[in-house]
Amino acid sequence: MEKLKKRDLYYFTKAYDISNLSDFPKVHIGCIAVYKKNIIGVGYNSRKTSPIQSKYNTLGGRKLLSNNGKPINEFLHAEIDCLNMIRNMDIDFSKVKLYICRKNFWGDLACCRPCSACEYAIKELGIKTVYYTDDIDKYIREDY
């Protein structure tokens, strides 16, 4: 686990703030996209369904599984919500960084590694760097 810069912590704070918009009762997830030090997109998990989420959940004609081995839910994930906002921008997506923050029922940080469907969508756009919360005061960086 690398030491985060102050700017990275600032982006996590913004992702945490965005997670407050979630309408899920227990788990609130926020995601922001950063390009050249500017926030260019935001998203949060929602109980709305999404055809794009469904598309990524069933890649190759089979239903993908989440990180815990269960089927991925059909509700809109924060990452897909954020990617939908930036998908058509004329930018170098390899320089976009995603920051994903999950807070639990008590407001504590929790593990928020992207599920296989969201990971596929991230890679498909060409995004190379994803930061996510892992536990209280723990942040993970993954490079694709």
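Note: the structure precedes this text.
Note that the coordinates shown come from a computational prediction; the quantities given were computed from them, not determined experimentally.

(A) Representation of the layout of surface pockets. The volume enclosed by the largest pocket comes to roughly 550 Å³. Lining of the largest pocket is provided by 24 residues; of these, Ile 29, Ser 66, Asn 73, His 77 and Cys 115 occupy positions nearest its centre. Classifying every residue of the lining of the largest pocket by side-chain character gives 13 nonpolar, 7 polar and 4 charged. Taken as a whole, the second largest pocket encloses approximately 240 Å³ of empty space. Contributing to the lining of the second largest pocket are 15 residues, with Lys 5, Arg 7, Asp 8, Lys 97 and Tyr 99 lying nearest its centre.

(B) Quick look at the nonpolar core. Formed by 27 residues in total, the largest nonpolar core has its most connected members in Ala 33, Leu 83, Ile 86, Val 96, Leu 98, Ile 100 and Ile 127. Breaking this core down by element, the ones donating at least two residues are strand E1 (28-35), helix H3 (78-86), strand E5 (96-103), helix H4 (116-125) and strand E7 (129-135). In this view, Ile 86 contacts Ala 33, Ile 40, Gly 41, Phe 93, Val 96 and Ile 127; residues no more than four positions away in its chain are not counted. If you look at the next biggest cluster of nonpolar residues, it comprises 12 residues, including Phe 12, Ile 32, Cys 101 and Tyr 131.

(C) Quick peek at a positive patch on the surface. Taken together, the side chains of Lys 5, Arg 7, Lys 37 and Lys 97 present a region of like positive charge at the surface. For Lys 5, the position within the fold is in the segment before helix H1 (6-19).

Scoring rules and cut-offs
Residues numbered from 1 in each chain as written. Predicted model: local features only at pLDDT ≥ 70, side-chain atom pairs only at ≥ 80, totals over all residues. Heavy atoms only, no water. 1 Å grid on protein atoms, 1.4 Å probe; cavity = no way out; pocket = protein on both sides within 12 Å on 5 of 7 lines; lining within 4 Å. Points joined across faces, edges and corners; volume = space filled by probe spheres on them. Nonpolar A, V, L, I, M, F, W, Y, C, P; charged D, E, K, R; others polar. Core = buried A, V, L, I, M, F, W, Y, C linked by side-chain atoms within 4.5 Å. Buried < 20%, exposed > 50% of the residue type's maximum accessible area, 1.4 Å probe, protein only. Helix = DSSP H or I, 4+ residues; strand = E, 2+ residues; numbered from the N terminus. Contact = heavy atoms within 4.5 Å. Patch = residues over 30% accessible without salt bridge, like charges linked within 9 Å, V, L, I, M, F, W, Y side chains within 5 Å. Areas by Shrake-Rupley, 256 points an atom, 1.4 Å probe, with all protein chains shown as cover. Salt bridge = Lys/Arg side-chain N within 4 Å of Asp/Glu carboxyl O. Lys, Arg positive; Asp, Glu negative; His and termini not counted. Charge placed at Lys NZ, Arg CZ, Asp CG, Glu CD.

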